[in-house]
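Given next are the chains, with one letter for each unit.
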Amino acid sequence: MKRILIFVFLCLLITKSVAQNHLLSDSVRISLITCSPGEEIYARYGHSAMRVCDPSKGVDLVFNFGVFNFNTDNFVFKFIKGETDYVLAVYDFNTFLPEYRERNSTVWEQVLNLSVAEKKELVRLLFENNQPENRVYRYNFIYDNCATRPRDKVLESLDGKVIYKTAPLYKTFREWVGEYIGYDTWMKFGIDIVFGAESDKQASRNASMFLPVELMEQMQDAVVMEDNGLQKKLVKNDRILVESVSVGKPEHNLQIKPITVALSLFVLSLVLTLAGIRKRRHFRWFDSLLFFVSGAAGCIVFYLMFFSLHPMVRENLNLLWLSPLNLIAAVVVWIKPIRDQFSYYMLLFGLSLLTVFVLFPLQVQGFNIAFLPLIGTLLIRTGTWLYLNQKHCPVFVKIKKYKRSTKQNFY
């Protein structure tokens, strides 16, 4: 924490000195900096920043919109809820590159083709954003992050309209996020659980620029239609500041994947079900564990869907098979006096599971392929529970009485 405070203090000293003494000349060079993705979870999608360089005045600053503090009170809780605050930090550019060299990321620089008036306006906007009342902002992974902030400042400073020449790749938000996950199938599995139907909407060209590399590629061939009718390229020139070293692709053949675990669980449930039906025996330990895990996951999905500020987690159909009420079911399977009455819930939950199988091919929401064996496992155990309890189950007792009375009336 002490190091963070010292860092912020030095940033304030540098920016205050530059702003007060007007050190920047008309020859100042302003660039978009793009860093390729790293291995850490928070670095999987890359990073963007702005560079303001004026060699004649000895000024070389980076405007970094991606600084956050892990030591913030309740950081994890705030991050899950979507209440994470990021801060714009301004500091010497030479201290910016070592981090990305160490994590073996490529760093590109795109020098912007700006007029003197546009440079002054962009510098003004950047320093204005660095005022104490402006530098902290509520981070949003899709709509307000380290890539969208620099882009918006650049567009705001231009005397004209940007026309993008690079053909957009029409993908959904889920597909964009999944593409940058790489071989991490468990991370993809988790994202597919918490992402709702909103993430399956197609991202527009503008929206896809929440990813730093996509922003860089769109800006590379973009032109500015000036108010006088003339056109100019947005990027004057580009170069690589740090080049990553090829280390070869990691071996992932031995990785235990979600689909492997899901299929193993499905096979185990089939074996236990066949044995249980033949011996008229409940495997309560298995059902209790299964309902507990699915119920706990359902609580997370429910919380994100109704209380989180993240836009991609709403309208999540995974609640149809990850029911928070399964936490209660995990306990009820051990309590015989109320087990029969709980059959109403089990019947409704079974119908809910069947609904998921209907919705899956309709592609109403993107589903991970590993979900199918898990849903099948829940359906098999729910059906087995109902079958073994049919003699005392109120639902089946009423159905049998109705059939018996109907048959008597017929004769």
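As a convention, each chain's residues are numbered from 1 in the sequence order in which they are written. Only residues with pLDDT of at least 70 are given local features in this predicted model, and only at 80 or more are side-chain atom pairs given and counted; all residues enter the totals for whole chains, interfaces and linings. Heavy atoms throughout the structure, all of them, feed into the side-chain values; hydrogens and water do not.

A cluster of nonpolar side chains, namely Trp285, Val331, Trp334, Ile335 and Ile338, defines an oily patch on the protein surface of about 510 Å² accessible area. Structurally, Val331 can be placed in helix 12 (residues 326-332). Summary of the burial criterion: residues with accessible area below 20% of their type's maximum are buried, those above 50% are exposed, and those between are partly exposed, where the area comes from a 1.4 Å probe applied to protein chains only. Residue Val331 is classed as partly exposed on the basis of its relative accessible area of 48%. Grouping into patches uses exposed residues only, defined as over 30% relative accessible area, and leaves out salt-bridged ones; the cut-off is 9 Å for like charges and 5 Å for nonpolar side chains (Val, Leu, Ile, Met, Phe, Trp, Tyr). In this description, accessible areas are obtained by the Shrake-Rupley approach with a 1.4 Å probe, and a residue is regarded as covered only by the protein chains that are shown. Here, a salt bridge means any side-chain nitrogen of Lys or Arg that lies within 4 Å of a carboxyl oxygen of Asp or Glu. Helix numbering and strand numbering both begin at the N terminus, where a helix is a DSSP run of H or I of at least 4 residues and a strand a DSSP run of E of at least 2.

In this analysis, strands are considered paired if DSSP registers two or more bridges between them. The 3 strands are arranged 7-8-9 in an open sheet whose pairing can be described as antiparallel. The open sheet has two edge strands, strand 7 (160-163) and strand 9 (231-233), and neither has a second partner. Direction aside, neighbouring strands of the sheet carry axes that sit 30 degrees apart on average. Judged from the 4 bridges that link them, strand 7 and strand 8 (residues 223-226) form a sheet pairing that is antiparallel. From the neighbouring strand, Val162 faces strand 8, where its bridge partner is Val224. Helix axes use the C-alpha atoms of the stretch in contact, all axes being lines fitted to C-alpha atoms, and the angles between their N-to-C directions lie in the range 0 to 180 degrees.

For strand 2 (residues 47-54), the buried fraction is high: 8 of the 8 residues fall into the buried class. Of the two faces of strand 2, the one holding His47, Ala49, Arg51 and Cys53 and the one holding Ser48, Met50, Val52 and Asp54 are both buried throughout. Direction of pairing for strand 1 (residues 29-35) relative to strand 2: antiparallel, over a ladder of 7 bridges. Its bridge partner lying in strand 2, Thr34 is registered against Ser48. For strand 2 and strand 3 (residues 59-67), the ladder comprises 5 bridges, and the chain directions are antiparallel. Considered in strand 3, the bridge of Cys53 is made with Asp60. Hairpin remark: strand 2 followed by strand 3, antiparallel, with 4 residues in the connecting loop; positive phi at Gly58, about 70 degrees.

Here we come to the sheet that holds strand 2. With respect to topology, 7 strands assemble into an open sheet ordered 6-4-3-2-1-5-10, the strand pairing being antiparallel. Strand pairing shows two members of the sheet lacking a second neighbour, strand 6 (136-138) and strand 10 (235-242), which therefore form its edges. Across the sheet, the mean angle separating the axes of adjacent strands is 25 degrees when strand polarity is ignored.

What follows covers the nonpolar core. In terms of nonpolar packing, the biggest core is built from 33 residues, with Ile30, Met50, Phe63, Leu112, Leu122, Val154 and Met219 touching the most fellow members. Of all elements in the fold, only strand 1, strand 2, strand 3, strand 4 (85-92), helix 4 (116-129) and helix 9 (212-220) reach the threshold of two or more residues within this core. Residue contacts follow a heavy-atom distance rule, with two residues in contact if any of their heavy atoms lie within 4.5 Å. Residues in contact with Met219, not counting those within four places in the same chain, are Leu32, Gln110, Leu112, Val154, Leu234 and Val235. Among the buried residues, those of types Ala, Val, Leu, Ile, Met, Phe, Trp, Tyr and Cys that are joined through side-chain atoms within 4.5 Å form a nonpolar core. Counting residues in hydrophobic clusters, the runner-up holds 31 residues, among them Ile193, Met346, Val356 and Leu386.

Any helix carries an expected span of 1.5 Å times its number of residues minus one. Between the first and last C-alpha of helix 10 (residues 258-279) there are 31 Å, a value that for 22 residues agrees with the 32 Å anticipated at 1.5 Å per step. Buried residues of helix 10: Pro258, Ala262, Ser269, Leu272, Thr273, Ala275 and Gly276, and no others. As for helix 10, its buried residues are in contact with helix 7 (185-194), helix 11 (284-307) and helix 15 (371-388). Just downstream of helix 10, Arg280 is the residue with a positive phi angle, here 55 degrees.

Moving on: the packing of helix 14 (residues 343-362) against helix 15. Interhelical geometry of helix 14 versus helix 15 gives an angle of 150 degrees and a closest axis separation of 9 Å. Our classification of the angle between helix 14 and helix 15 gives roughly antiparallel. Helix-helix and strand crossings are classified by hand; for helix 14 and helix 15 the assignment is left-handed. Contacts between helix 14 and helix 15 involve Ser343, Met346, Leu347, Phe349, Gly350, Leu353, Leu354, Val356, Phe357 and Phe360 from the former and Leu372, Ile375, Gly376, Leu378, Leu379, Thr382, Trp385 and Leu386 from the latter. In terms of residue class, the contact of helix 14 with helix 15 is built from 14 nonpolar, 4 polar and no charged. Any angle that is under 35 degrees is reported as roughly parallel, and any over 145 degrees as roughly antiparallel; angles of 65 to 115 degrees are reported as roughly perpendicular and all others as oblique. Put simply, a crossing is left-handed when the front helix is turned counterclockwise from the back one by less than a right angle, and right-handed when it is turned clockwise. Note on residue categories: nonpolar means Ala, Val, Leu, Ile, Met, Phe, Trp, Tyr, Cys or Pro, charged means Asp, Glu, Lys or Arg, and polar means any other residue, Gly included.

The next subject is the pattern of salt bridges. Tallied over the entire structure, the rule returns 18 salt bridges. Two residues, Asp85 and Arg138, come together in a salt bridge whose shortest N-O distance is 2.6 Å. Of the two residues, Asp85 is situated in strand 4 and Arg138 in strand 6; the sequence distance between them amounts to 53 residues. Each of Arg51, Asp60, Glu109 and Arg239 takes part in salt bridges that share partners, so that together they form one network.

Our focus in this paragraph is the side chain of Thr377. For Thr377, the location among the structural elements is in helix 15. Judged by relative accessible area, which is 0%, Thr377 ranks as buried. For this analysis, a polar contact is any N or O atom pair within 3.5 Å, provided that within protein one partner can donate a hydrogen and the other can accept it, and provided that sequence-adjacent residues contribute only side-chain to side-chain pairs. A polar contact is formed between the side chain of Thr377 and the backbone oxygen of Pro373, at a distance of 2.8 Å. With residues near it in sequence (within four places) discarded, Thr377 still touches Leu265, Phe266, Ser269, Phe286 and Leu290.

Stacked, tilted and edge-to-face pairs are distinguished by plane angle, under 30 degrees for stacked and over 60 for edge-to-face with tilted covering the rest, among Phe, Tyr and Trp rings (Trp via its six-membered ring) whose centres lie within 6.5 Å. Under the criterion given, the structure shown has 22 aromatic pairs. Relative to Phe210, the ring of Phe141 has its centre 5.4 Å away and its plane inclined at 70 degrees; by these criteria the two rings are edge-to-face. Taken as a pair, Phe141 in the loop between strand 6 and helix 5 (148-157) and Phe210 in the loop between helix 8 (205-208) and helix 9 lie far apart in primary sequence, 69 residues in all. Put simply, the rings of Tyr45, Phe141, Tyr143, Phe173, Tyr180 and Phe210 pair up and form one aromatic cluster. In this scheme, Lys NZ or Arg CZ marks a charge over a ring once it lies within 6 Å of the ring centre and within 35 degrees of the ring normal. Stacked on the ring of Phe93, the Lys or Arg Arg51 has its end atom at 4.0 Å from the ring centre. Here the guanidinium or amino end of Lys171 rests over the ring plane of Trp176, the centre of that ring lying 4.6 Å away.

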